[in-house]
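Letter by letter, the chains look like this.
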Amino acid sequence: MKIKIFASLTIVAFMLTFTKAHAQTQSSQALEAKISGIIKKLTIEEKISMLHANSIFGTAGVPRLGIPGLMTDDGPLGVREDLKEGWASANLTTDSATFFPNGSALAATWNPGLAYRYGHDMGEEARWRKKWIMLVPAFNIARTPLCGRTYEYYSEDPFLNSRLAVQAVNGIQGQGIAACVKHFAANNQEVERGRVSVELDERTLREIYLPAFKAAVTEANAWTIMSAYNKIRGVYCSENPYLLNTILKDEWKFKGIVISDWGGTHSTVNAANNGLDLEMGSGGNYSKYFFAQPLLDSVKAGKVSMAVIDEKIHRILWVMYHTVMATNPPAGKINTPEHSKTAYDIAAESIVLLKNEQHLLPLNTSGLKSIAVIGDNATEMFHLGGFGAGVKARYEVTALAGLQNRLGKAVAINYAQGYSGVYKPQRRDTSNKYNKPDTALIAQAVAAAKKSDYAIVFVGGNREWESEARDRKDLTLPFGEQQLVDAVTAVNAKTIVVVVAGAPYDLGKIKKNNSTVVWSWYNGSENGNALADVLLGKVNPSGRLPFTFPNELKDSPAHALNAYPGTDLKVEYKEGILVGYRWFDTKKIEPMYCFGYGLSYTDYKYATLQTAKKSYSKTENITATIKVTNTGKYAGKETVQLYISKPNSAVERADKELKAFKKVSIAAGQAANVTLSIPVKDLAYFDNKTNKWVVEPGKYTLLVGASSRDIKGTASVVVK
């Protein structure tokens, strides 16, 4: 009887699977028929009109056939305000949106679930605003801490980037909005980004710079991808046949649209034949774009075939049927309480406690009478600024406002600006005029600190200092902030330093002289409320650094090897696979703060790391389990990080590589059994000689820890 029941259930399960697969196949076939039918009806002129921009963010449709245009929109901080030609605001009252925390803040949460909520909510807002392609997520590797777009991007690690990117794409596209993953590929500096050629070997490209893109395409089925401004091996990414055709479309089976970055197209015939599908740009005569009249002329001259054009139209229509032409799409929403909660949760989980030596945090409000809040970043709003994309936030809670909200009138808050964060960059400005202390403002700050029980000094960057189209010159704190911190610390022993930024800075003196240091970010609409809750202990900090902070810039690999920003418009990635913590750990260089680092108000004890078995085949998953106990007084969230090391490898390997992680919530006095899984295939290296992934047999070491340097336990397995 049991056998019959089992057999019946098996048949039912098979039939359900078969029916679902059959329905999907029928749906796919029906869609292909629709697309093919439309392509046959389009004239060559109509096809060409669909392959280039006709406004700053839009493309043309074909009204004759009821085909709409595609409207794109900037991320990654939220749905951008509407603009007129020339990048001027359209001055509408209907285009506000939720301001979401910046990319490196999201990465600092180490929480893929929050990445999904971020994408989901942004997708809802995009649909409400009728923006069918969101130019997000951006997750280029943080190769140099100076890169002006580090704040937009995620981390220095391809695995962490991959896990976050997949969930962000799933969230956005679940709302019938195309995610446009960017910038494909190796756009890791802003200096000469439009002309520089990145020279790197195949292993480095495959192991470091492509994994997150591959995951976004093959796991999350991203519908669009943006080619980068730069060249790879002498060929612009927007017309690079190896990148766009061989890897993206042939190997990864990408179905969607390759979109150029704005103004990032450089030819007609090469770009058309080598994989670019849609040319975007801002302004000028759109009819003269490479993919406008010149493309029509090239088709008529036989330089670009109709088959190539039809393939591009097919891709565009395929994306349209998933977005603007989708049937029964989800409803759009904007500026909802749920979206604000997502912004709050990301901000709260992103904040990193760097130092708490005297346990000034969480602030004990019992008997607390006054706090000095000092620094321009305490009142600065970060939703707009710089050359890059922003969002017209419906509201943004500043750090000062957040503290006022939480403390009310029970505690006197004495505010002093401390420094001016005004920055007006000039292309050839080599002066240091933006790092001069303002003695009058510092004097006011000192006076406020003297009369207060605690002083909280807000320093760091802002959206002008960290910006697209330019890299920072060095890691120095701007605006005379170090002198401000020194002066306040000298008169108030209970000084807490809060650094607000999106990329590493030189915190050497602050780390040495100050007992309490907190790292925050450009943290969205709920920035101030989330930060106040962390400072006051309502939220236990659980953020972990997504990149390494060097003690000196010369310690970072690109700078140590004189491989940035390049010479003669070429930059050689001499460090190869040793990017970020891989370099620091392999070369035994002590960082200021290591990858994955972050403190808590509580303590965690790790038990012995256990593996399910000691030997694995190349088709299996390694399963490791560890018990983590919260031994402190506060409930908290711990990010358990699992790294892999390969002793005696036949090829150069990093000292360790992140291969799994999990963020777990543990109540005070309680424990959690954390299970982590690593597919053995993920242990492979890319062999430059055979151009294949190779899983090397032999012994591997698993290292579990709270950061790349704080290893709590190890175990060994053998791969057969």
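Above this text you will find the structure in question.
Given the structure is predicted, the values throughout are model-derived calculations rather than measurements. (Residues numbered from 1 in each chain as written. Predicted model: local features only at pLDDT ≥ 70, side-chain atom pairs only at ≥ 80, totals over all residues. Heavy atoms only, no water.)

Draft legend 1. Region of interest: the packing of aromatic side chains. Within the structure shown, the criterion is met by 28 aromatic pairs. Ring geometry for Phe-57 against Trp-262: centres 5.9 Å apart, planes inclined by 55 degrees, an arrangement best described as tilted. Here Trp-262 lies in the loop between strand E8 (257-260) and helix H9 (269-273) and Phe-57 lies in the loop between helix H2 (44-49) and strand E1 (72-74), a separation of 205 residues in the sequence. Accessibility assignment for this pair places Phe-57 and Trp-262 in one class, buried. Here the aromatic rings of Trp-519 and Trp-521 are separated by 5.8 Å at their centres, their planes lie at 70 degrees, and the arrangement is edge-to-face. The same class applies to Trp-519 as to Trp-521, namely buried. Clustering of aromatic rings is evident, with ring pairs tying together Trp-110, Phe-159, Tyr-581, Phe-595, Tyr-643 and Phe-661. (Phe/Tyr/Trp six-rings, centres within 6.5 Å; stacked < 30°, edge-to-face > 60°. Helix = DSSP H or I, 4+ residues; strand = E, 2+ residues; numbered from the N terminus. Buried < 20%, exposed > 50% of the residue type's maximum accessible area, 1.4 Å probe, protein only.)

Draft legend 2. Fine view of the packing of helix H12 (residues 337-350) against helix H17 (residues 527-536). Relative to each other, H12 and H17 sit at 40 degrees, their axes nearing to 8 Å. For the element pair H12 / H17, the angle class is oblique. Between H12 and H17 lies a crossing whose hand is right-handed. The residues of H17 that touch H12, namely those facing Tyr-344, Ala-347 and Ala-348, are Asn-529, Ala-530, Asp-533 and Val-534. Taken together, the residues of the contact of H12 with H17 sort by class into five nonpolar, one polar and one charged. (Axes fitted to C-alpha atoms, helices over the stretch in contact; angles between N-to-C directions. Parallel < 35°, antiparallel > 145°, perpendicular 65-115°, else oblique. Left-handed = near helix turned anticlockwise from the far one by under 90°. Contact = heavy atoms within 4.5 Å. Nonpolar A, V, L, I, M, F, W, Y, C, P; charged D, E, K, R; others polar.)

Draft legend 3. Structural detail: the nonpolar core. Judged by nonpolar contacts, the single largest core of 201 residues is most densely connected at Phe-184, Leu-507 and Trp-519. In terms of residues, this core owes the most to one element, helix H11 (residues 306-322), which gives nine residues. Leaving out residues up to four positions away in the same chain, Trp-519 has contacts with Ile-351, Val-352, Leu-354, Val-499, Ala-501, Ala-503, Pro-504, Tyr-505, Leu-507 and Phe-549. Grouped together as the second largest cluster of nonpolar side chains are 29 residues, Tyr-616, Ile-622, Leu-702 and Val-719 included. (Core = buried A, V, L, I, M, F, W, Y, C linked by side-chain atoms within 4.5 Å.)

Draft legend 4. Region of interest: the pairing of strand E11 (residues 412-416). As defined by bridge partners, strand E10 (residues 370-374) adjoins E11 across five bridges and the pair is classed as parallel. Looking at the pairing, Ala-372 lines up with Asn-414 of E11. With helix H13 (residues 399-407) bridging E10 and the parallel E11, this β-α-β connection has right-handed handedness. (Pairing = 2+ DSSP bridges. Right-handed = clockwise from strand over helix to strand, strands pointing away.)

Draft legend 5. Examining the side chain of Glu-696 more closely. Within the fold, Glu-696 resides in the loop between strand E24 (692-694) and strand E25 (698-705). Here the side chain of Glu-696 touches Ser-649 through a polar contact of 2.7 Å, side chain to side chain. A polar contact of 3.2 Å, which involves the side chain of Glu-696, links it to the side chain of Arg-653. Leave out the neighbours within four places in its chain, and Glu-696 touches Lys-646, Asn-648, Ser-649, Ala-650, Arg-653, Tyr-685 and Val-719. (Polar contact = N/O pair within 3.5 Å; in protein donor to acceptor, adjacent residues only side chain to side chain.)

Draft legend 6. View of the environment of Lys-333. With respect to the helices and strands, Lys-333 occurs in the loop between H11 and H12. Of the residues examined, Lys-333 reaches a relative accessible area of 42% and is grouped as partly exposed. Spatially, the C-alpha atoms of Lys-333 and Glu-464 are 30 Å apart, while their sequence positions differ by 131 residues. Excluding its chain neighbours within four sequence positions, the residues that come into contact with Lys-333 are Glu-124, Glu-125, Trp-128 and His-339.

Draft legend 7. Quick look at the sheet that holds strand E26 (residues 711-719). If you trace the five strands from one edge of the open sheet to the other, you get E18-E26-E25-E20-E21, paired in mixed fashion. The two strands at the open ends of the sheet, each matched to only one other strand, are strand E18 (615-616) and strand E21 (657-666). Across five bridges, strand E20 (residues 636-645) lies against E25 in antiparallel orientation. Bridge assignment links Ile-644 to a residue of E25, and that residue is Leu-702.

Draft legend 8. Expanded view of unusual backbone geometry. With an omega dihedral of 5 degrees, the bond running from Val-136 to Pro-137 counts as a cis peptide bond. Tracing the chain through its elements places Pro-137 in the loop between strand E2 (133-135) and helix H5 (158-173). Going from Lys-182 to His-183, the amide bond is cis rather than trans, its omega being 0 degrees. Locating His-183 in the fold gives a position in strand E3 (residues 178-184). Its identity is not glycine, yet Trp-110 carries a phi of approximately 50 degrees, on the positive side. Looking at the secondary structure, you find Trp-110 in the loop between helix H3 (103-109) and helix H4 (112-128). Judged by relative accessible area, Trp-110 falls into the buried class, the value being 0%. One non-glycine residue, Asn-562, lies in the positive phi region at around 55 degrees.

Draft legend 9. Geometry of the environment of Trp-252. Note that Trp-252 resides in the loop between helix H8 (241-251) and E8. Accessibility expressed as a relative area gives 7% for Trp-252, which makes it buried. Sequence separation of Trp-252 and His-359 is 107 residues, and the distance between their C-alpha atoms is 51 Å. Discounting residues that sit within four places of it in the chain, Trp-252 has contacts with Phe-184, Leu-210, Phe-213, Lys-214, Val-217, Thr-218 and Ile-247.

Draft legend 10. Region of the structure containing H5. Spanning 16 residues, H5 covers 22 Å between terminal C-alpha atoms, matching the ideal 22 Å at 1.5 Å per step. When you tally the buried positions in H5, you get 13 out of 16 residues, the bulk of the element. You can read the cap of H5 off the contacts: a side-chain oxygen lies 3.0 Å from the backbone nitrogen of Phe-159, and it is on Asp-157. (Expected span 1.5 Å × (residues − 1).)

Draft legend 11. Spotlight on the sheet that holds E11. An order of E9-E14-E13-E12-E10-E11 is seen for the six strands of this open sheet, with the pairing classed as mixed. Of all the strands in the sheet, the pair left with one neighbour each is strand E9 (352-356) and E11. The mean angle between the axes of side-by-side strands here comes to 20 degrees, regardless of whether they run parallel or antiparallel. Examined bridge by bridge, E10 and strand E12 (residues 454-460) share four bridges and lie parallel to one another. Bridging from a neighbouring strand, Ile-371 pairs with Tyr-454 of E12.

Draft legend 12. How the structure looks around the pairing of E9. Along E9, five of the five residues are buried, which leaves the element largely enclosed by surrounding structure. As judged from the four bridges shared by E9 and strand E14 (residues 516-520), these two strands associate in the antiparallel manner. Among the inter-strand pairings, Asn-356 is bridged to a residue of E14, identified as Thr-516.

Draft legend 13. Fine view of helix H7 (residues 211-218). Within the span of H7, buried status applies to Ala-212, Phe-213, Ala-215, Ala-216 and Val-217. In this structure, the buried residues of H7 make contact with H5, E3, helix H6 (202-209), strand E5 (224-227) and H8.

Draft legend 14. Structural view of the side chain of Arg-203. With respect to the helices and strands, the residue Arg-203 is situated in helix H6. Relative accessible area serves as the criterion here: at 9%, Arg-203 is assigned to the buried category. A polar contact of 2.7 Å, which involves the side chain of Arg-203, links it to the side chain of Glu-207.

Draft legend 15. Main features of the packing of H13 against H17. The N-to-C vectors of H13 and H17 enclose an angle of 60 degrees; their axes lie 7 Å apart at closest approach. Compared by their axis directions, H13 and H17 come out oblique. Of the two elements, H13 crosses H17, and the hand of that crossing is right-handed. Between H13, through Ala-399, Gly-402, Leu-403, Asn-405, Arg-406 and Leu-407, and H17, the contact on the second element is made entirely by Asn-527, Gly-528, Asn-529, Leu-531, Ala-532, Asp-533, Leu-535 and Leu-536. Across the contact of H13 with H17, the residue classes tally to seven nonpolar, five polar and two charged.

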